Amino acid sequence: MRTAIMPRLKSCTLGILTLAICVSSSGSVLGYTPESPQVQAMVTKGRAYLEANFGKDAQHDSQLGGVCICALACYSHTGNAEHPLVLKAVAQIREEAKKGFAKDGHANYSLGIALIFLGTVDPDRYRQEVQSLLAAIYERQHSSGGWTYPNYATGDTSQTQYACLGMWIAHRQQINVD
């Protein structure tokens, strides 16, 4: 009987000791915040890289989602709605809205990211563009309720999340979402 109690007693003692160590060491936690100089230095370096290298990868730097995510990164760091990459992204959204947004396998990602971008920069200023993007999102919704790749029989979680996140951002900006 005594041998059966010993392993439990050791486990219990170990558990209490672990808890005591965790509680006693929780007084101060070291970590970084977005305002930490180290984080700001990394963000500045990343933005400088985007600014210096954007346009050098013809394949990816021409896709709407890629342009918008780079512009969003620059805008988020600078707050400058006139930043060259922000203006390029807005121009590309307008151009694609005129000719019709792409319907390839990555289109839903691009539309969602473009909505997030415009909803972050200035949804009132770009309301017409937001409405065009929303119309394209609605048009691509699958009969099952989700969004998916062309010719897929069912919805795709990642495609659906980008479409929904873009619509959510628009809704949060007081734009009517159907």
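Only a predicted model underlies this, so the values are computations on that prediction, with no experimental measurement involved.

Some remarks on the pattern of salt bridges
Using the criterion set out here, one finds five salt bridges in the structure. Arg-47 serves as the salt-bridge partner of Glu-51, at 3.0 Å between the closest nitrogen and oxygen. Of the two residues, Glu-51 and Arg-47 both sit in helix α2 (residues 37-53), four residues apart, roughly one turn of that helix. What makes Glu-51 partly exposed here is its relative accessible area of 36%. Where Asp-124 meets Arg-127, a salt bridge forms, and the shortest distance between an N and an O atom there is 3.0 Å. The class for Arg-127 is partly exposed, based on a relative accessible area of 30%.

Some remarks on the environment of Ser-158
Position of Ser-158 among the secondary structure elements: in helix α7 (residues 157-172). Among the residues examined, Ser-158 registers a relative accessible area of 22% and is labelled partly exposed. For the pair Ser-158 and Asn-108, spaced 50 residues apart in the sequence, the C-alpha separation amounts to 9.3 Å. Discounting residues that sit within four places of it in the chain, Ser-158 has contacts with Tyr-109 and Tyr-149.

Examining the side chain of Arg-140
As for its placement among the helices and strands, Arg-140 is situated in helix α6 (residues 127-140). Within the buried core, Arg-140 has no salt-bridge partner, and the shortest N-O distance to an opposite charge, that of Glu-139, equals 4.2 Å. Only 3.0 Å separates the side chain of Arg-140 from the backbone oxygen of Phe-101, close enough to count as a polar contact. With near-sequence residues (within four places) excluded, Arg-140 lies in contact with Phe-101, Ala-102, Lys-103, Ala-107, Asn-108, Leu-111 and Trp-147.

Observations regarding unusual backbone geometry
Look at Asn-151: it is not a glycine, yet its phi comes out positive at around 70°. Its location among the elements puts Asn-151 in the loop between α6 and α7. One non-glycine residue with positive phi stands out, namely Gln-174, at about 70°.

What about the packing of aromatic side chains?
Taken as a whole and assessed by the stated rule, the structure comprises three aromatic pairs. Between the aromatic rings of Tyr-149 and Tyr-152, the centroid separation amounts to 5.2 Å while the plane-to-plane angle is 50°, which identifies the pairing as tilted. Taking relative accessible area as the criterion, Tyr-149 reaches 23% and is therefore assigned partly exposed.

Some details on the environment of Ala-153
Structurally, the position occupied by Ala-153 is in the loop between α6 and α7. Each C-alpha atom of the pair Ala-153 and Ser-143 lies 9.4 Å from the other, and the pair is ten residues apart in sequence.

Quick notes on the nonpolar core
By size, the foremost hydrophobic cluster in this structure holds 35 residues, and its most contacted members are Cys-68, Ile-93, Phe-117, Leu-118 and Leu-133. Those elements giving two or more residues to this core turn out to be α3 (64-78), α4 (84-99), α5 (107-121), α6 and α7. Excluding its chain neighbours within four sequence positions, the residues that come into contact with Phe-117 are Cys-68, Ala-71, Leu-72, Val-86, Ala-89, Val-90 and Ile-93.

Some thoughts on α4
A rise of 1.5 Å per residue sets the reference length of α4, with its 16 residues, at 22 Å; its end C-alpha atoms lie 23 Å apart and thus fit the reference within 8%. Within α4, the full set of buried residues consists of Leu-85, Val-86, Ala-89, Val-90, Gln-92, Ile-93 and Glu-96. The buried residues of α4 occupy an angular sector of 160° when the element is viewed end-on, so they sit on one face. Exposed residues on α4 whose side chains face more than 90 degrees from its buried face are Pro-84, Lys-98 and Lys-99.

Cut-offs used in this document
- Residues numbered from 1 in each chain as written.
- Predicted model: local features only at pLDDT ≥ 70, side-chain atom pairs only at ≥ 80, totals over all residues.
- Heavy atoms only, no water.
- Salt bridge = Lys/Arg side-chain N within 4 Å of Asp/Glu carboxyl O.
- Helix = DSSP H or I, 4+ residues; strand = E, 2+ residues; numbered from the N terminus.
- Buried < 20%, exposed > 50% of the residue type's maximum accessible area, 1.4 Å probe, protein only.
- Contact = heavy atoms within 4.5 Å.
- Lys, Arg positive; Asp, Glu negative; His and termini not counted.
- Polar contact = N/O pair within 3.5 Å; in protein donor to acceptor, adjacent residues only side chain to side chain.
- Phe/Tyr/Trp six-rings, centres within 6.5 Å; stacked < 30°, edge-to-face > 60°.
- Core = buried A, V, L, I, M, F, W, Y, C linked by side-chain atoms within 4.5 Å.
- Expected span 1.5 Å × (residues − 1).
- Arc of directions from axis to C-beta.

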